[in-house]
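One letter stands for each residue in the lines below.
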Amino acid sequence: MRISTKSVPLKSARTDLLVSLFVKGETPSVPPAFEPALKIAKSAGDIPSTFKGSCLLYPSGRSMAKRLLLLCSGEAKKLDAERLRRLAGVSANKAIALKAGSLLLHPSARVCAKRSGEDLGLPLAQGLQMGAYRYQAPSKEKPKPLSLKEAGVLCPEKGAPKGLTAAVSRGGKLGAAVCFARDLGNKAGNLLTPRKLAAEAKKLAGGKIRFKAFDEKQMAEKKMGAILAVSQGSREPARMIFLDYNPGNAKKTICVVGKGLTFDAGGISLKPGAGMWDMRYDMCGSAAVLGLFHAIKSGACKPKHRIIGVVPTSENLPGGEAVKPGDIVRACDGTTIEVQNTDAEGRLILCDALAYSKKTFKPDAIVDLATLTGAVIIALGHEVAAAIGNDDKWVHEAISAGESSGDRCWQLPLWDIHREQMKSKFADLKNINQGRAEGGGSISGAAFLSYFVGDTPWVHLDIAGTAWNQKSRGYYSGGATGFGVRLLADLLG
Ligand SMILES: [Zn+2]
């Protein structure tokens, strides 16, 4: 969807749906044709005064706007970027429900007050783009294009914040990158296999972005025995994908690693049947990495560092050739691993990606995103991801990027005692701790990974709770959330 700013007087704003965004207690400003309807709504006591409260008005006589939605932002002091994103999402959904072809958001003077163009335009444009997202499910019917074709922000006549136009354009592109990641996440396991994921990544190459992918033969040459062990039970071959953005004269290299399990049945340690279809989402870490490169490609994110996206991708299925509980496998850095539970496979594909990245690219920092553990839902629920790492400064940079972008995280500890739990009698490491006896499944997952990053500053984001199933937010409506794209763009852009 096209998203832009318009600079015309309120009464000349031509649109199917004009949204008047105002704060509690403020009189909404409307074009003259809507004054009579506003008066009636006022006398009926229908002017909304709570966050997301709304009232639809129709014009009397000639009007450039077909209809007007009064949309209350709640109390001025509570209005932050997240609320602005949600309000924009609500507006996009309303426009779609009304089958409107165009939408214009008109923030009031008090909504604009003390906000820079970036503070206002970025969340509004993101919310519009994300709110209008609909997954096009495969169907015998022809795909119906969305009625909503364009959306925008109407610059206030007086005192439009500086940089609003650029921020709106950037926010729209960033929102599109999130929607791209959501589309990947929502695809069923047979529609998005490791090879298809590699093909999607390849489409992002061009300009300063280069693409490369190892097939299983190349992975065997690199001795990536952990990811190959996960993949051996499936007829679909695994891939190790690389997207390399090099802006030239970069001082630092940062590796962004994303788990790409395109379908996870658990392997021989089979998952229960109920809800297993959700395991299409086990590649949402990789979707976030590809989403970041989508944002780089569109210019929404302009990192000054060299950014290398690394995506280990595989299926995890039971079968006669599948890796068995107790099997010993060897990662590419020589570490031997006892596979105590074949459903803890994310860390196995990631450990080869992390060890290879560390040795080959010698990064200054690493961030990984993975739908790693169900335990993170017990610990933190669906609204916040876990951030765990070996370098407090880098962990806090990631958390604060999540705060400002709306992809929120909370730190969990990683101590030597957790790392000790991952040692095995039969190999260097085992891939799970003692389960219920020791607990802390999300921490032990990170503890396992920590052996493969050495001293490189590293933060692991466990997004198993936030990648799907989040509560509707106005800009989410079920399915994959694209969690991590905004955080990464904020952290690295
Ligand atoms: Zn698993």
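Note that residues are indexed from 1 along each chain, following the sequence as it is written. The model is predicted, so local features are restricted to residues of pLDDT at least 70 and side-chain atom pairs to those at 80 or more, both for listing and for counting; the totals for chains, interfaces and linings are taken over all residues.

**Q** Any chance you could break down the domain arrangement of the protein for me, citing the residues and the numbers?
**A** Domain start and end points were adopted from an automatic or database domain assignment. With domains assigned, the protein is organised as domain 1 (2–155) and domain 2 (180–492). It is the C-beta atoms, placed from the backbone, that decide contacts: two residues are in contact if theirs lie within 7 Å. Listed per partner, the contact involves 13 residues of domain 1 and nine residues of domain 2. Numbering of helices and strands runs from the N terminus, with a helix taken as a DSSP run of H or I at least four residues long and a strand as a DSSP run of E at least two residues long. Elements with a minimum of two residues in the side of domain 1 that touches domain 2: α2 (81–97) and α4 (117–131). Among the elements that make up the side of domain 1 that touches domain 2, the one with the highest residue count is α2 (eight residues). Split into classes, the residues belonging to the side of domain 1 that touches domain 2 amount to six nonpolar, four polar and three charged. Under this grouping Gly is polar, as are all residues other than the nonpolar Ala, Val, Leu, Ile, Met, Phe, Trp, Tyr, Cys and Pro and the charged Asp, Glu, Lys and Arg.

**Q** Tell me about the packing of α4 against helix α5 (residues 164–186), residues and numbers included.
**A** Comment: axis = line fitted to C-alpha atoms, over the contacting stretch for helices; angle = value between 0 and 180 degrees taken between N-to-C directions. At their nearest, the axes of α4 and α5 sit 7 Å apart, and the two run at 35° to each other. Taken as a pair, α4 and α5 cross one another with a handedness that is right-handed. On α5, the residues touching G117, E118, L120, G121, L122, P123, L124, A125, Q126, L128, Q129 and M130 of α4 are L164, A166, A167, V168, R170, G171, G172, L174, G175, A176, V178 and C179. Split into classes, the residues belonging to the contact of α4 with α5 amount to 15 nonpolar, seven polar and two charged. Note on convention: near helix rotated counterclockwise from far helix by under a right angle means a left-handed crossing. Clockwise means right-handed.

**Q** So what about α5? Which residues, and what values?
**A** In a helix, the anticipated span is given by 1.5 Å times the number of residues less one. Under the 1.5 Å per step criterion, the end-to-end length of α5 is 32 Å for 23 residues, consistent within 8% with the ideal 33 Å. Partly exposed residues are those falling between the two cut-offs: more than 12 but fewer than 20 other C-beta atoms within 10 Å of their own, whereas 20 or more means buried and 12 or fewer means exposed, with C-beta atoms placed from the backbone. Of all 23 residues making up α5, 19 are buried, and the element is well covered by its neighbours.

**Q** Explain the sheet that holds strand β3 (residues 54–57) to me, using residue names and the numbers behind them.
**A** Spatially, six strands are ordered β1-β6-β5-β2-β4-β3 in an open sheet, and the strand pairing comes out mixed. Every interior strand has two partners, whereas the edge strands, β1 (2–6) and β3, have only one. Across the sheet, the mean angle separating the axes of adjacent strands is 20° when strand polarity is ignored. Here strand β2 (residues 17–22) runs beside strand β5 (residues 102–107); their pairing, made up of five bridges, is parallel. In the sheet register, L18 faces β5, and the bridge partner there is L104. Packed onto the sheet, α5 meets β1 and β6 (150–154) and runs at close to 170° relative to β1. Strand pairing is assigned whenever DSSP identifies at least 2 bridges connecting the two strands.

**Q** Account for the sheet that holds strand β12 (residues 328–330), with residues named and values stated.
**A** Within a sheet, neighbouring strands are paired by backbone hydrogen bonds and run either parallel or antiparallel to one another. The three strands are arranged β12-β13-β17 in an open sheet whose pairing can be described as mixed. Each having just a single partner strand, β12 and β17 (429–430) make up the two edges of the open sheet. Direction of pairing for β12 relative to strand β13 (residues 336–338): antiparallel, over a ladder of three bridges. Residue pairing for β13: R330 is matched across the bridge by T336.

**Q** Which residues make up the nonpolar core, and what values go with them?
**A** Taken as a class, soluble globular proteins show a tendency for nonpolar side chains to be buried jointly. What we call a nonpolar core is a set of buried Ala, Val, Leu, Ile, Met, Phe, Trp, Tyr and Cys residues whose membership is set by joining through C-beta atoms within 7 Å. One finds L292 and A398 to be the most contacted residues of the largest nonpolar core, which totals 163 residues. Sort the elements by how many residues they give to this core and α5 lands first, with 11 residues. Inspection of this core shows a minimum of three residues originating in each of domain 1 (2–155) and domain 2 (180–492). Look past the residues within four positions of A398 in its chain and what remains in contact with it is V367, A387, C409, V459, L461, L487 and L491.

**Q** So, the environment of R419: which residues are in play, and what are the values?
**A** With respect to the secondary-structure elements, R419 resides in helix α13 (residues 416–420). Here R419 falls in the partly exposed class, since 18 other C-beta atoms lie within 10 Å of it. Separated by 27 residues in sequence, R419 and A446 place their C-alpha atoms 8.7 Å apart. What R419 contacts, discounting residues up to four positions off in sequence, is A447 and S450.

**Q** Give a description of the pairing of strand β11 (residues 306–316) that names residues and reports values.
**A** A large share of β11 lies buried, amounting to 11 of its 11 residues. Neither face of β11 is exposed, since R306, I308, V310, P312, S314 and N316 on one face and I307, G309, V311, T313 and E315 on the opposite face are all buried. In terms of strand pairing, strand β8 (residues 239–245) meets β11 through seven bridges, oriented antiparallel. Bridge pairing in β11 links D244 to I308. Bridge analysis of strand β9 (residues 253–258) against β11 gives five bridges, and the strand direction is parallel. Within β11, the position partnered with T253 by the bridge is R306.

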